[in-house]
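Coordinate analysis (summary)
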Amino acid sequence: MTTVRLLSGKEMPMIGLGTWKSDPGKVGAAVKAAVKCGYRMIDCANDYGNEREVGDALAELFRDKIVSREEIFVQAKLWNSNHKKEHVREDLLATLADLQLDYVDSYLIHWPQAVPSTGKAAAVAKHGNHPAPKAEGTMFPLEEDGTFSSDQETHFMEAWYAMEDLMDEGLVKSIGVSNFNRTQLLEVVKNKRKHMPSVLQNECHPFLQQKDLLDVCKHLGVVLQAFSPLGSGDRPWVRDPLGPPELLEDERLKKMAEKHGATPAQVVLRWQVQRGVSIIPKSVREARLRENLDCTFFTLNAEDMDEIATLNVGWRYLLFAAASMHPDYPFKDELPHDYVLEKAPLNTTKSGSS
């Protein structure tokens, strides 16, 4: 397994298993199958609603001596409701309890904006990861009009400083950010007190290649990590008639895959790794898990790389526009000028955040 050395000094596998949108009842089996076929990184988040099952799977793998704790790189995320310094530690401790771990190898601020959040109390998985009136205290609090609650006063640097302290305690080995834009990443780098961000996890695929962001990350020594590296074809409600077709059905990728004796998915994943981008594709099927991991048996030549570069159209599947009322929302320039704040999506596990 190819690894990359993070600024924290930790070695991180370039390929990992994503668990977003992996249904409870299936994700545990997927984690066990993934580790047994060679995966050594698991990406988690408390708002996915499946960390406890992931933790049970990891505990079984460790107990059966399939792998040791030291061989697995586990990444978790600070949820948006818990950006205040007094809530960060509670967020992490709840995740550690669910994962049955003493530490995580990487801990990311999930989104820069403190939405959904009231800022009044920490909200973790045991409180529910579903939208509900803010008085109920879930991870997705709602106002009376059905929009997300927003903690307008809290800025992500408050959370960052608390995470630096957790790193000093040894509860996390690396810290980073997710869904941050270039300006926000540079703000963390400029204003950090102790520790550089090691990872920036963002949506990234051939339709959204993030070249400028990748160049900035390489300049800083930050590893860019792609979620939804194969697009997000299981989210039809965000499709736009002006948007690109389904990524893996693109004829250019199909032809390239045929040339290399690979699948279109393997071509896309190989392209990312060859660019120096870490990837966390998601699957609960063992055959697909093996296929995704076995994406480096061939090399894309310069002509291949140039052709994939032509697929870039800046298409973002996950805008999370329902959180755009906050000043730290990262993609304001991608919303239409007449955008009206929408009500919270009903199914946050599948449509709210990654």
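Okay, so let's go over this structure. (Residues numbered from 1 in each chain as written. Predicted model: local features only at pLDDT ≥ 70, side-chain atom pairs only at ≥ 80, totals over all residues. Heavy atoms only, no water.)

**Regarding the pairing of strand β10 (residues 199-203)**
Counting buried positions over the five residues of β10 gives five, a clear majority of the element. With helix α5 (residues 182-191) bridging strand β9 (residues 175-178) and its parallel neighbour β10, the resulting β-α-β unit is right-handed. Pairing geometry for β10 and strand β11 (residues 223-227), over five bridges, is parallel. Bridge pairing in β11 places V199 opposite V223. (Buried < 20%, exposed > 50% of the residue type's maximum accessible area, 1.4 Å probe, protein only. Helix = DSSP H or I, 4+ residues; strand = E, 2+ residues; numbered from the N terminus. Right-handed = clockwise from strand over helix to strand, strands pointing away. Pairing = 2+ DSSP bridges.)

**Section: helix α4 (residues 156-169)**
For an α-helix, the turn length of 3.6 residues means that residues three or four places apart are oriented alike. The end-to-end C-alpha separation of α4 is 20 Å, in line with the 20 Å expected for 14 residues at 1.5 Å each. Among the residues making up α4, those that are buried are F156, M157, A159, W160, A162, M163, E164, L166 and M167. Contacts made by the buried residues of α4 are with β5 (73-78), α3 (85-99), β6 (106-109), β9 and α5. Positive backbone phi, at 85°, marks G170, one or two positions downstream of α4. (Expected span 1.5 Å × (residues − 1). Contact = heavy atoms within 4.5 Å.)

**Let's talk about the pattern of salt bridges**
Tallied over the entire structure, the rule returns 19 salt bridges. K211 serves as the salt-bridge partner of D215, at 3.0 Å between the closest nitrogen and oxygen. One end of the pair, D215, and the other, K211, are both in helix α6 (residues 211-220), four residues apart, so they sit about a helical turn from each other. Owing to a relative accessible area of 52%, K211 belongs among the exposed residues under this scheme. With a shortest N-O distance of 3.2 Å, R290 and E286 are connected by a salt bridge. In this pair, R290 and E286 both sit in helix α9 (residues 286-293), four residues apart, roughly one turn of the helix. (Salt bridge = Lys/Arg side-chain N within 4 Å of Asp/Glu carboxyl O.)

**Observations regarding the nonpolar core**
A general tendency of soluble globular proteins is for nonpolar side chains to be buried together. Ranked by internal contacts, the top residues of the largest apolar core, which has 79 residues, are V31, V104, Y107, I109 and L200. Residue contributions to this core peak at eight residues, all from α4. If we skip the residues at most four places from it in the chain, V104 touches R69, V74, A76, L92, L96, L99, L171, V172 and K173. If you look at the next biggest cluster of nonpolar residues, it comprises 29 residues, including W20, W79, I280 and F331. (Core = buried A, V, L, I, M, F, W, Y, C linked by side-chain atoms within 4.5 Å.)

**Some words on the packing of helix α7 (residues 251-260) against helix α10 (residues 302-309)**
Two measures define how a pair of helices packs: the angle their axes make with one another and the distance between the axes. Contact geometry for α7 and α10: axes closest at 11 Å, N-to-C directions at 160°. What the angle tells us is that α7 and α10 run roughly antiparallel. The handedness of the crossing between α7 and α10 comes out as left-handed. Of the residues in α10, those touching α7 at R252, L253, M256, K259 and H260 are D304, E307 and I308. (Axes fitted to C-alpha atoms, helices over the stretch in contact; angles between N-to-C directions. Parallel < 35°, antiparallel > 145°, perpendicular 65-115°, else oblique. Left-handed = near helix turned anticlockwise from the far one by under 90°.)

**Quick look at the packing of aromatic side chains**
The relative placement of two aromatic rings is captured by the distance of their centres and the angle of their planes. If you walk through the whole model with that rule in mind, you get 10 aromatic pairs. Ring centres of F297 and F298 lie 4.9 Å apart, and the angle between their planes is 65°; on these two criteria the pair is classed as edge-to-face. Under the relative-accessibility criterion, F297 is labelled partly exposed at 42%. For the ring pair W315 and Y317, a centre distance of 6.1 Å and an interplane angle of 90° mean the geometry is edge-to-face. (Phe/Tyr/Trp six-rings, centres within 6.5 Å; stacked < 30°, edge-to-face > 60°.)

**Concerning the pairing of β5**
Taken across its six residues, β5 has six buried, putting it largely inside the fold. Of the two faces of β5, the one holding F73, Q75 and K77 and the one holding V74, A76 and L78 are both buried throughout. Looking at chain direction, strand β4 (residues 41-43) and β5 are connected through three bridges and run parallel. Directly across from I42, in β5, lies its bridge partner V74. After leaving β4, the chain enters helix α2 (residues 51-63) and then returns to the sheet as β5, a path that is right-handed. Strand direction decides the pairing type here: β5 and β6, joined by four bridges, are parallel. Paired with L78 across the strands is I109, a residue of β6. In the classification by handedness, the crossover that spans β5, the intervening α3 and the parallel β6 is right-handed.

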